[in-house]
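Chain by chain, the residues:
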Amino acid sequence: MVDSQYYLSNDIGISALDCGEAFRLLSPQEKMYAHNLSRAAWYGGLAVLLQTSPESANIFVLLQRIFRKQTPAQLEQVATAAGLSSEEYQAFLVYAAGLYANMGNYKSFGDTKFIPNLPKDKLKALVWASQAFQEQPSEMEALWDSCSGLLYSLEDRQKQLGLGDKGITTYFSGNCCLEDAELAQKFLDSKKLSAYNTRLFKKDNGGKACYEVRLASAVQKDCAVDGECESCCGSFSFEDKEFTVKRGDYGPLMEKVCHYLQEAQTYAANENQRKMLEEYQRSFTLGSVDAHKEGSRYWIKDKGPIVESYIGFIESYRDPFGSRGEFEGFVAVVNKAMSERFAKLVSSAEVLLPELPWPREFEKDTFLKPDFTSLDVLTFAGSGIPAGINIPNYDDIRQSEGFKNVSLGNVLAVAYATQKEKLTFLKEEDKDLFIKWKGPSFEVQVGLHELLGHGSGKLFVQDDQGKFNFDESKVVNPETGEPVSSWYRGSETWDSKFSTIASSYEECRAECVGLYLCLNKQALSIFGHDEQDAEDVVYVNWLSMVRAGLLGLEFYTPESKSWRQAHMQARFVILRVLLEAGEGLVGLEEVTGQDGKPDARITLDRSKIHTVGKNAIHRFLCKLQVFKSTADVDGGRALYDGYSTVSDSGAYNFLRLRETVLLRKEARKMFVQANTRVSGDSVELVEYEGSAAGLICSFTERFQEDAEQLETNLLELNKRDATCCMNVNTGKSC
């Protein structure tokens, strides 16, 4: 029997992401703008296949070839004739939907591998019986042979993403370990190159390690090309190792992205949008993060657009080292009513920020009022869809020029709808209240988390000229009472300094800001909550957080003692902090469920949230900010790793509780997204049903016009990776 965490259940929730009304309200120009940006996002999003696992791209092509010839409904008769039961065929559809939704065969939330929940010989029989196989037997057999082994393999290293012997990654060749990642980061820092759009391949050259840093770009040439003063490419000696910087990673995909960004410029609403798209195009053409940063500056200046978007190598959650960005692109339409609330929150930010528990010197010199809008997502290409976003992730821009916040309203509406019978680990008397207020409380938490969590706090920096952005002779560390003695130097960034813990640590800091500031009556009234309703929102927000901390144990791997999901690790850390606060604030006990199986119960004393709870978060949040501001990696890591520890000793047996959480876990929902299609002078929205079949159809129709060329490109890109000494089973150099 395969552990259920490694396959997707046939009854997994799959919902259509509704944006029909929002799209219909757009003008013809806005629809064309949204269409071209969506096309750019979808093609770029395919890079995630190559960023996830060695087999993901080939599995994707296998599925596309099958479903381009036969729809899920047509294939069902073939499956029955091939000996598959209806449950087995549904399991195949769910697997295919999962691969599309996650852009690979590892869950985007948790980084665990998933395999088809039907026997391998049954799946092979279906492939062989398909029309695609009948028409091209040798090609389809070769494609099956190239991926079927890894498609089903659950060897220890292949069960999760990770670096070296801890898991699978394609941000690095299979022979790389943590020391290689650290050396490469030093090299990149020395060249003032960002890791965001890179991958690292290690080769053995006569017993000497050589590293290839590959930049994502449409241009394949490594010499300077039009628009460049000089090329960053070439061969360099660094710490007695050879580094080569090359272009052309995901080349054909980046070409398509650039083509549609060019098309979108025709329909841009203003000069900021045009310049933004020009810079993005330059970034993806040349492999330049600096150009992307320039585009992001224009993006920040584009205040309150009707059609909002962002695209690039953005979030570093899935790079085991925490520095490389996964490609994502989104296009969304502003929800004006909800955006008004967020605008009020932005206006109140300067009143709320001083409430945070760190000294004034640890806060940004001026709060750069960002756009904060509620959006209905039209397109979100990548490995998964978040509920809210605070971008750009470039520290230097965020600190001095600003950022934007978005809350994805139609995602929130679907993702956090909860059925009472599926609500685990709460007292019966809490469940109705939880269901009533989960949505509104999460909206408050997302707003505070994104705007005042990620948007707060200063980084102390000494630049290359020796200039400080703070008074190093006067600023005192509140934790030690001594003058600040550490800071960021030169090109060091939050991600490069805190590397493997940076993402989760920052999510934890933002979650704590949300918990802390939701206790503020003014913040709650902005969202329309006063008196008893406000108290219920606070209670459910805190209860939701401690429950999420328990649920987070699903994303911990005991064998490697590692966390696979940044947000869930953050929530477990907060649970530990609130349990440690004592005085009966949080209760956690192991019980036996009505079904006779192990269960757990988590409780929260609402009368102690404003006292015991607030004090605990106050102390912890201040420490998080001080370590972050002062670039104190050792102090920050000791604090965070301490609370992240999962063991079977102490007051709570978290390893045993993890087994209970796995026993009662509910799979994360998948979303079916619409397509846009140009018809004459207008753009049509093509919507699909919220089912595995609907999700599959959306993907086969998404790339119709150049399907064969696109699939050939993906196979060739994957083959190129495979020749770069990527032995996924042993991790040894070829």
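Our structure is the block above this text.
The structure reproduced in this document is the subject of the present report. Computed from a predicted model, the values in this text were never measured in an experiment.

Remarks on the pattern of salt bridges
Thinking step 1. With the rule as written, the count across this model stands at 42 salt bridges.
Thinking step 2. Across the salt bridge formed by D319 and R324, the nearest N and O atoms sit 3.3 Å from each other. With respect to class, D319 is no different from R324; both count as buried.
Thinking step 3. Its salt-bridge partner being R571, residue E511 comes within 2.7 Å of it at the nearest N-O pair. You can see E511 sitting in helix α18 (residues 494–517) and its partner R571 sitting in helix α21 (residues 566–581), a full 60 residues away along the chain. Like R571, E511 is buried.

Observations concerning the pairing of strand β3 (residues 208–216)
Thinking step 1. With eight of nine residues buried, β3 lies mostly within the body of the structure.
Thinking step 2. For strand β2 (residues 198–205) and β3, the ladder comprises eight bridges, and the chain directions are antiparallel. When the sheet's bridge partners are listed, D204 is paired in β3 with A209.
Thinking step 3. Between β2 and β3, which pair antiparallel and follow one another directly, the connecting turn spans two residues, one of which, G206, has a positive phi of 60°.
Thinking step 4. As paired strands, β3 and strand β5 (residues 241–249) are joined by six bridges and run parallel to one another. Each residue of the ladder has a partner; that of V213, found in β5, is V245.

Here we look at the state of the cysteines
Here a disulfide denotes one covalent bond, and it connects the sulfur atoms of two cysteines.
Thinking step 1. Throughout the structure, instances matching the rule amount to zero disulfides.
Thinking step 2. In this structure C232 is not part of a disulfide, and its nearest cysteine sulfur, from C233, lies 4.4 Å away.
Thinking step 3. Accessibility expressed as a relative area gives 28% for C232, which makes it partly exposed.
Thinking step 4. Between C697, a cysteine without a disulfide, and C19, which holds the nearest cysteine sulfur, the sulfur-to-sulfur distance is 17 Å.

What counts, and at which threshold
Residues numbered from 1 in each chain as written. Predicted model: local features only at pLDDT ≥ 70, side-chain atom pairs only at ≥ 80, totals over all residues. Heavy atoms only, no water. Salt bridge = Lys/Arg side-chain N within 4 Å of Asp/Glu carboxyl O. Buried < 20%, exposed > 50% of the residue type's maximum accessible area, 1.4 Å probe, protein only. Helix = DSSP H or I, 4+ residues; strand = E, 2+ residues; numbered from the N terminus. Pairing = 2+ DSSP bridges. Disulfide = S-S within 2.5 Å.

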